[in-house]
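Each chain, letter by letter, is given below.
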Amino acid sequence: MFEIKSADYSVFVGDVLTKADELISKSYARCHKVILVDENSAKYCLPQIQGLASLKNAEVLQIQSGEEHKTLETTSRIWKHLSSNKLNRTALFVNVGGGVIIDMGGFASSTYKRGIDFINFPTTLLSQVDASIGGKLGIDFEGLKNEIGIFKNPKAVFVHTEFLQTLNERQVLSGFAEIIKHALIASKNYFNELQELNFENIEEFDNIIRQSIEIKNNIVLQDFEERSIRKALNFGHTIGHAIESEYLNRKNSLLHGEAIAIGMICETYLSYLSGFISMEDVMETANYINSVFTKVDLDSNNYHRLIELMQHDKKNISNGINFTLLERIGIAKVNQTCSVDQIIDALDFYKNH
Ligand SMILES: NC(=O)c1ccc[n+]([C@@H]2O[C@H](COP(=O)([O-])OP(=O)(O)OC[C@H]3O[C@@H](n4cnc5c(N)ncnc54)[C@H](O)[C@@H]3O)[C@@H](O)[C@H]2O)c1
């Protein structure tokens, strides 16, 4: 098991259930405890969590899975449950699930009675390396992703990597896109290591998850509220989010990481057009990402719609479209702007490679 120290809590990675049991018994022995799950984390992960002596008598609140349920209505259901069961401020809220449970459960518990303690058991790769770290909590509102939310840290994060065994391959790869992003913005050596990775070797994978969490944690520790360096984590996300939104209502919609993978190729090319990274590094990055993810056939008739979506991105500061680019593999450059022509060239680069 690895322990990664964050601001005022730790992230434990590997075989972590005994550690979780110890910590909960020590700090929350007599407290009222509520576990939040969706139907999949209830089926695949809850039995192990309920096997912990410290959580044996915890109540379980189950909600429906899916981004479409990360809403004020579901949050209100959680608040009603806490209120009608008369939970006081010493209670403990336990999130067991993917990024949707982690974001919404953290938000609901942090706003109930001005905040009760919560801990995370992330159960998807995306939530283990990304959503459960860094204290961004929230819900979608009026069709806008993460429109309502706060920054608040959990009391602990337990990354039980064995939970990933029931996750389907598409979901694993979606989380893996964020791992690639961590390498591209922070470490060329880590990027080289990823290119050698054997997905079947679980122990090797634990080590990869640990390194990704360390990279995200180091960045968040320097800039919790995303005023400067934390923006590095948005690499691939300006174009990626636009593509994700554009594909949202289609039959062949894309998972978050699948869209970010395209975004990372385009934004690496934009880094080249902006005079930073070499063409050799662009090709190394694009070839690797294309070897991991299935190619998506972007329709050039939609480029203008994508650019409109980018113009409405909440990360923009003034009139320009804001990007995090790469100075080279392993070094990010935040607060860059690119022209519409450059963005179209970058979309074409993805299409043709
Ligand atoms: N707060 C942050 O910093 C941050 C960062 C990245 C993403 N996010 C958020 O995370 C969400 C996406 O997270 P996600 O990809 O984990 O989605 P998700 O929570 O919808 O989980 C994906 C699917 O996997 C299922 N699942 C969960 N654990 C499983 C397991 N062990 N075995 C089998 N199935 C399992 C879920 O029920 C769901 O159907 C988005 O809402 C995004 O905004 C937040």
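**Quick notes on the site of the ligand**
Argument step 1. Near the ligand, the surroundings consist of 24 residues, among which Asp-38, Glu-67, Thr-123, Thr-124 and Thr-166 are the closest.
Argument step 2. Contact between the ligand and Asp-103: a nitrogen atom at 2.9 Å from a side-chain N or O atom of the residue.
Argument step 3. Separating a nitrogen atom of the ligand from a side-chain N or O atom of Thr-123 is a distance of 2.7 Å.
Argument step 4. Relative to its unbound accessible surface of 870 Å², the ligand loses 88% to contact with the protein.

**Examining the nonpolar core**
Argument step 1. Phe-176 and Ile-180 are the most contacted members of the largest nonpolar core, which has 73 residues in total.
Argument step 2. Residues lining this core come from more than one domain, with at least three contributed by each of domain 1 (2-166) and domain 2 (181-352).
Argument step 3. Those residues in contact with Phe-176 that sit more than four places away from it in its chain are Leu-125, Leu-194, Leu-197, Phe-199, Phe-205, Tyr-288 and Val-292.
Argument step 4. Counting residues in hydrophobic clusters, the runner-up holds 24 residues, among them Tyr-28, Ala-42, Leu-52 and Leu-92.

**Let's talk about the layout of surface pockets**
Argument step 1. Here the second largest pocket defines a volume of roughly 370 Å³.
Argument step 2. Looking at the second largest pocket, it is lined by 14 residues, and the ones nearest its centre are Leu-164, Val-172, Phe-199, Ile-202 and Phe-205.
Argument step 3. Listing elements by their share of the lining of the second largest pocket, those giving two or more residues are helix H7 (169-186) and helix H9 (202-222).
Argument step 4. Its residues placed into classes, the lining of the second largest pocket shows 8 nonpolar, 2 polar and 4 charged.
Argument step 5. Lining the lining of the second largest pocket are residues from two domains, each supplying at least three of them: domain 1 (2-166) and domain 2 (181-352).

**Quick look at the domain arrangement of the chain**
Argument step 1. Per the domain assignment, the segments making up the chain are domain 1 (2-166) and domain 2 (181-352).
Argument step 2. Spacing between the C-alpha centres of domain 1 and domain 2 amounts to 28 Å.
Argument step 3. Counting residues at the interface gives 26 residues for domain 1 and 22 residues for domain 2.
Argument step 4. Per-residue buried area on domain 1 facing domain 2 is highest for Ile-4, Val-129 and Phe-151; these three make up 26% of the total on that side.
Argument step 5. Taken together, the connections running from domain 1 to domain 2 amount to 2 salt bridges.
Argument step 6. Of the charged contacts, one joins Lys-136 and Glu-226 as a salt bridge, the two residues approaching to 2.5 Å between their closest N and O atoms.
Argument step 7. On the surface where domain 1 and domain 2 come into contact, there are 7 residue pairs in polar contact (both at pLDDT 80 or more).

**Considering the sheet that holds strand E2 (residues 10-14)**
Argument step 1. Pairing is mixed in the open sheet, where 7 strands are placed in the order E1-E2-E9-E6-E5-E3-E4. The open sheet has two free edges, formed respectively by strand E1 (2-5) and strand E4 (59-63), since each of these has just one partner strand. With direction set aside, neighbouring strand axes in the sheet form an average angle of 20 degrees.
Argument step 2. Two elements, strand E3 (residues 33-38) and E4, share 5 bridges in a ladder whose sense is parallel.

**Description of the side chain of Arg-210**
Argument step 1. Summarising the element assignment, Arg-210 is placed in helix H9.
Argument step 2. Residues within four places of Arg-210 in sequence aside, it is in contact with Phe-2, Ile-4 and Val-13.

**Quick word on the pairing of strand E10 (residues 321-328)**
Argument step 1. Across the 8 residues that make up E10, a large majority, 6, are buried.
Argument step 2. In terms of strand pairing, E10 meets strand E11 (residues 331-338) through 6 bridges, oriented antiparallel. Counterpart to Ile-321 in the pairing with E11 is Cys-338.
Argument step 3. What sits between the antiparallel neighbours E10 and E11 is a turn of 2 residues, in which Gly-330 has the positive phi angle 100 degrees.

**Re the pairing of strand E5 (residues 92-97)**
Argument step 1. Where burial is concerned, most of E5 is hidden: 6 out of the 6 residues are buried.
Argument step 2. Side chains of E5 alternate between two faces, with Leu-92, Val-94 and Val-96 and Phe-93, Asn-95 and Gly-97 buried alike.
Argument step 3. The sheet contact formed by E5 and strand E6 (residues 117-122) spans 6 bridges and is parallel. Counterpart to Phe-93 in the pairing with E6 is Phe-118.
Argument step 4. Note that the unit made of E5, helix H5 (residues 99-111) and E6 has a crossover that is right-handed.

**As for empty space enclosed by the protein**
Argument step 1. Under the counting rule described, the total for this entry stands at 3 cavities of 30 Å³ or more.
Argument step 2. Estimated volume of the largest cavity: approximately 50 Å³.
Argument step 3. What lines the largest cavity is Lys-231, Asn-234, Thr-238, Lys-315, Asn-322, Phe-323 and Thr-324.
Argument step 4. With 3 residues, E10 is the single largest residue contributor to the lining of the largest cavity.

**What about helix H14 (residues 340-352)?**
For the α-helix, the turn length of 3.6 residues means that residues three or four positions removed from each other point alike.
Argument step 1. Between the first and last C-alpha of H14 there are 18 Å, a value that for 13 residues agrees with the 18 Å anticipated at 1.5 Å per step.
Argument step 2. Considered for burial, the residues of H14 that qualify are Ile-343, Ile-344, Ala-346, Leu-347, Phe-349 and Tyr-350.
Argument step 3. Looking at the buried side of H14, the elements it contacts are helix H10 (237-247), helix H11 (256-273), helix H12 (279-292), helix H13 (303-311), E10 and E11.

Definitions and limits used
Residues numbered from 1 in each chain as written. Predicted model: local features only at pLDDT ≥ 70, side-chain atom pairs only at ≥ 80, totals over all residues. Heavy atoms only, no water. Near = heavy atom within 4 Å. Polar contact = N/O pair within 3.5 Å; in protein donor to acceptor, adjacent residues only side chain to side chain. Areas by Shrake-Rupley, 256 points an atom, 1.4 Å probe, with all protein chains shown as cover. Core = buried A, V, L, I, M, F, W, Y, C linked by side-chain atoms within 4.5 Å. Buried < 20%, exposed > 50% of the residue type's maximum accessible area, 1.4 Å probe, protein only. Domains from an automatic or database assignment. Contact = heavy atoms within 4.5 Å. 1 Å grid on protein atoms, 1.4 Å probe; cavity = no way out; pocket = protein on both sides within 12 Å on 5 of 7 lines; lining within 4 Å. Points joined across faces, edges and corners; volume = space filled by probe spheres on them. Helix = DSSP H or I, 4+ residues; strand = E, 2+ residues; numbered from the N terminus. Nonpolar A, V, L, I, M, F, W, Y, C, P; charged D, E, K, R; others polar. Buried area = accessible area lost by both parts, 1.4 Å probe. Salt bridge = Lys/Arg side-chain N within 4 Å of Asp/Glu carboxyl O. Pairing = 2+ DSSP bridges. Axes fitted to C-alpha atoms, helices over the stretch in contact; angles between N-to-C directions. Right-handed = clockwise from strand over helix to strand, strands pointing away. Expected span 1.5 Å × (residues − 1).

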